[in-house]
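Summary of structural features
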Amino acid sequence: MQYILVGGRFLLVILLYIFLFRVVTTLYGELRSAAWYRDRRNTPFVGRLEVLTTEGGLAKGQVFKVGRTGLTVGRGSNNDVLLPDSFASQDHAKFFYKDTEVWLEDLGSTNGTWVNGEKIMGRIQLVPGDYVKIGSITFQYARWQDED
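What counts and what doesn't
- Residues numbered from 1 in each chain as written.
- Predicted model: local features only at pLDDT ≥ 70, side-chain atom pairs only at ≥ 80, totals over all residues.
- Heavy atoms only, no water.
- Salt bridge = Lys/Arg side-chain N within 4 Å of Asp/Glu carboxyl O.
- Buried < 20%, exposed > 50% of the residue type's maximum accessible area, 1.4 Å probe, protein only.
- Phe/Tyr/Trp six-rings, centres within 6.5 Å; stacked < 30°, edge-to-face > 60°.
- Helix = DSSP H or I, 4+ residues; strand = E, 2+ residues; numbered from the N terminus.
- Pairing = 2+ DSSP bridges.
- Core = buried A, V, L, I, M, F, W, Y, C linked by side-chain atoms within 4.5 Å.
- Contact = heavy atoms within 4.5 Å.
- Polar contact = N/O pair within 3.5 Å; in protein donor to acceptor, adjacent residues only side chain to side chain.

Pairs can form between side chains of opposite charge once their charged atoms are near each other. Following the criterion strictly, the structure yields three salt bridges and no others. Between E50 and R48 there is a salt bridge, with its nearest N and O atoms 3.8 Å apart. Residue E50 is classed as partly exposed on the basis of its relative accessible area of 25%. Between R143 and E101 there is a salt bridge, and its shortest N-O distance comes to 3.2 Å.

Let us now look at the packing of aromatic side chains. By the definition in use, this model includes one aromatic pair. With centroids separated by 6.3 Å and ring planes inclined at 70°, the aromatic side chains of F64 and F139 adopt a geometry described as edge-to-face. Separated by 75 residues along the polypeptide, F64 in strand 2 (residues 63–67) and F139 in strand 11 (residues 137–143) bring together distant segments of the chain. Grouping residues by exposure puts F64 and F139 together as buried.

Taken together, the five strands give an open sheet; going across it, the order is 4-3-5-6-9, and neighbouring strands pair in mixed fashion. In this open sheet, the two strands that pair with only one neighbour each are strand 4 (81–82) and strand 9 (123–125). Here strand 6 (residues 101–106) pairs with strand 9 via three bridges, running antiparallel. Paired with E105 across the bridge in strand 9 is R123.

An order of 2-1-11-10-7-8 is seen for the six strands of this open sheet, with the pairing classed as antiparallel. The sheet terminates laterally at strand 2 and strand 8 (118–119), the two strands that pair on one side only. The pairing of strand 7 (residues 113–115) with strand 10 (residues 131–134) spans three bridges and is classified as antiparallel. Bridge pairing in strand 10 places W114 opposite K133.

Judged by nonpolar contacts, the single largest core of 23 residues is most densely connected at L83, F95 and F139. When residues of this core are traced back to their parent elements, those giving at least two are strand 1 (45–53), strand 2, strand 3 (71–74), strand 5 (93–98), strand 6, strand 10 and strand 11. Aside from chain neighbours lying at most four places away, what touches F95 is L49, V66, G70, L71, V73, W103, L104, L126 and V132.

Turning our attention to the environment of V24. With respect to the helices and strands, V24 occurs in helix 1 (residues 2–41). Accessibility expressed as a relative area gives 53% for V24, which makes it exposed. Measuring from C-alpha to C-alpha, the distance between V24 and F95 comes to 44 Å, with 71 residues separating the pair along the chain.

A separate point is the side chain of T113. Its location among the elements puts T113 in strand 7. Judged by its relative accessible area of 0%, T113 is buried. Looking at T113, its side chain comes within polar contact range of the side chain of D106, at 2.5 Å. Sequence-distant contacts of T113, that is, excluding residues within four places in its chain, are made with H92, A93, L104, D106, E118, K119, I120, V132, K133 and I134.

Right, dumping it as structure tokens:
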């Protein structure tokens, strides 16, 4: 009789561990799927710049991602996008994210930054389809879509 009680207790402990294992694996799966959804929804990228015309090292069709932390453009090695263009300044322009929109700021460049054929002064909010000209390089701005 004592062997049956010990065996029953042992079986109960095993069933309890199996139950706890299933609960933990289910919770882990749910948390992973929630994190995946959140990561997809809160992508770190908010815009993209596609090279349309260029003279020099950038390839036509090359895409640069504009992140929530911004993107700097210029000839200087401290920039996110290095422009191999003598008409671009060392620190030419900055793309930044503010209030759910992407903005462009000229950083006091010598030859200026142009949006849709007009020279900008200070900051300007970009809309999808805008053409941005820095030096002799023209980019087209678009909102970010998961392309990976």
